[in-house]
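Each chain is listed here by its residues.
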Amino acid sequence: MKRLAILSGGGALPAMLVKNYPDAMRITFEGVPHQLSHPFNVHNFEKLGGLFEAMRLGRVTDVVLAGAMGRPALDPNDFDAETMLIAPRLLPILRKGDDAILRLFISVLEEQGFTVVGAHVLLPELTVDEGIFSGPFPTEEALKDAARAADILMALSPLDVGQGAVVAGGLCLGIETLQGTDEMLRFVASTPGHLRRGKGVLVKAPKRGQDLRVDMPAVGPDTVRYAAVAGLAGIVVSAGQVIVLDPDETREALEDTDLFLIGRVL
């Protein structure tokens, strides 16, 4: 019989998974903020052997990684035997993007006999289908800006930088980096008016070739509110490849701000 383990980072997604899979093992990590309620197990990235043993004792077969985790500060002197075994693969990629680190983590989990599943598989109703999710239909200018932002994201995909970009009047106003989408939108909001042409659009999409089982792009009510403060016309996401957190509240935020959210094949 299969049992799920939820490896939790920050944000609403892990709690949504717990609500739908109450029998899942809940796992958090030292130094990583989370919104899970007890019971949960706390583990350390430097001692992966303890994590794997706990999951085996809990009869875990499937694993989902959900929520923002950031990059832990790792001290090789604190590695346990299991982590030491993967250190030759881990340490060289710590200077690369998040995608490279997450791909390695997936490989290690699979080598340990666990099946890694994506949150979008467990909660398929949360992904945005092609078409309008809520709000007014975007103008032709907004769709052109969305296409330009998508081109930028696809061009940057090999560099493993981020999953979001803002374009207004054909000009790029912001690219998501390690700080995240909200910080990018704050930056866009501070852009002087004489540097802007039109309202602009936020595009969220996975990197080309990204493994959607981890680090899947997400938007939510806060994304909508920050986009409104930034003066944007709306949000375009890659259809079927972006999760909406708190769908009802996100729809309310879109109605309150008169922004659109639409899924497109990018």
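The rules behind the values
- Residues numbered from 1 in each chain as written.
- Predicted model: local features only at pLDDT ≥ 70, side-chain atom pairs only at ≥ 80, totals over all residues.
- Heavy atoms only, no water.
- Axes fitted to C-alpha atoms, helices over the stretch in contact; angles between N-to-C directions.
- Helix = DSSP H or I, 4+ residues; strand = E, 2+ residues; numbered from the N terminus.
- Parallel < 35°, antiparallel > 145°, perpendicular 65-115°, else oblique.
- Left-handed = near helix turned anticlockwise from the far one by under 90°.
- Contact = heavy atoms within 4.5 Å.
- Nonpolar A, V, L, I, M, F, W, Y, C, P; charged D, E, K, R; others polar.
- Pairing = 2+ DSSP bridges.
- Core = buried A, V, L, I, M, F, W, Y, C linked by side-chain atoms within 4.5 Å.
- Buried < 20%, exposed > 50% of the residue type's maximum accessible area, 1.4 Å probe, protein only.
- Phe/Tyr/Trp six-rings, centres within 6.5 Å; stacked < 30°, edge-to-face > 60°.
- Lys NZ or Arg CZ within 6 Å of the ring centre and 35° of its normal.

In this section: the packing of helix H7 (residues 181-189) against helix H8 (residues 221-229). Orientation of H7 relative to H8, taken along the N-to-C sense of each, is 15 degrees, at an axis distance of 8 Å. Relative to H8, the element H7 lies roughly parallel. Viewed along their axes, H7 and H8 form a crossing whose handedness is left-handed. Here H7 contributes Thr181, Asp182, Leu185, Arg186 and Ala189 to the contact with H8, which in turn contributes Thr223, Tyr226, Ala227 and Val229. In terms of residue class, the contact of H7 with H8 is built from five nonpolar, two polar and two charged.

Attention shifts here to the pairing of strand S8 (residues 171-175). Note: strand S7 (residues 164-168) against S8, four bridges, orientation antiparallel. In the sheet register, Ala168 faces S8, and the bridge partner there is Leu171. A loop of two residues connects S7 with S8, the two strands running antiparallel in sequence, and Gly169 in this loop sits at a positive phi of about 60 degrees.

Counting 29 residues, the largest nonpolar core has Leu7, Leu51, Met55, Val63, Leu65 and Leu109 as its most contacted members. Elements with a contribution of two residues or more to this core: strand S1 (4-8), strand S2 (25-29), helix H2 (48-57), strand S4 (62-66), helix H3 (81-90) and helix H4 (98-111). Looking at this core element by element, the count peaks at seven residues for H4. Sequence-distant contacts of Leu51, that is, excluding residues within four places in its chain, are made with Leu7, Ile27, Phe29, His43 and Phe105.

Within the structure shown, the criterion is met by two aromatic pairs. On the numbers, 4.2 Å between centres and 5 degrees between planes, the contact of Phe29 with Phe45 is stacked. Of this pair, Phe29 sits in strand S2 while Phe45 is found in the loop between strand S3 (41-43) and H2, placing the two residues 16 residues apart along the sequence. An identical accessibility class is assigned to Phe29 and Phe45; each is buried. Ring centres 6.5 Å apart and planes at 40 degrees place the aromatic pair Phe52 and Phe114 in the tilted group. Of this pair, Phe52 sits in helix H2 while Phe114 sits in the loop between H4 and strand S5 (115-116), and the two are 62 residues apart along the sequence. The two residues Phe52 and Phe114 agree in class, both being buried. Seen from the ring of Phe133, Arg251 lies directly overhead, with NZ or CZ sitting 4.0 Å from the centre.

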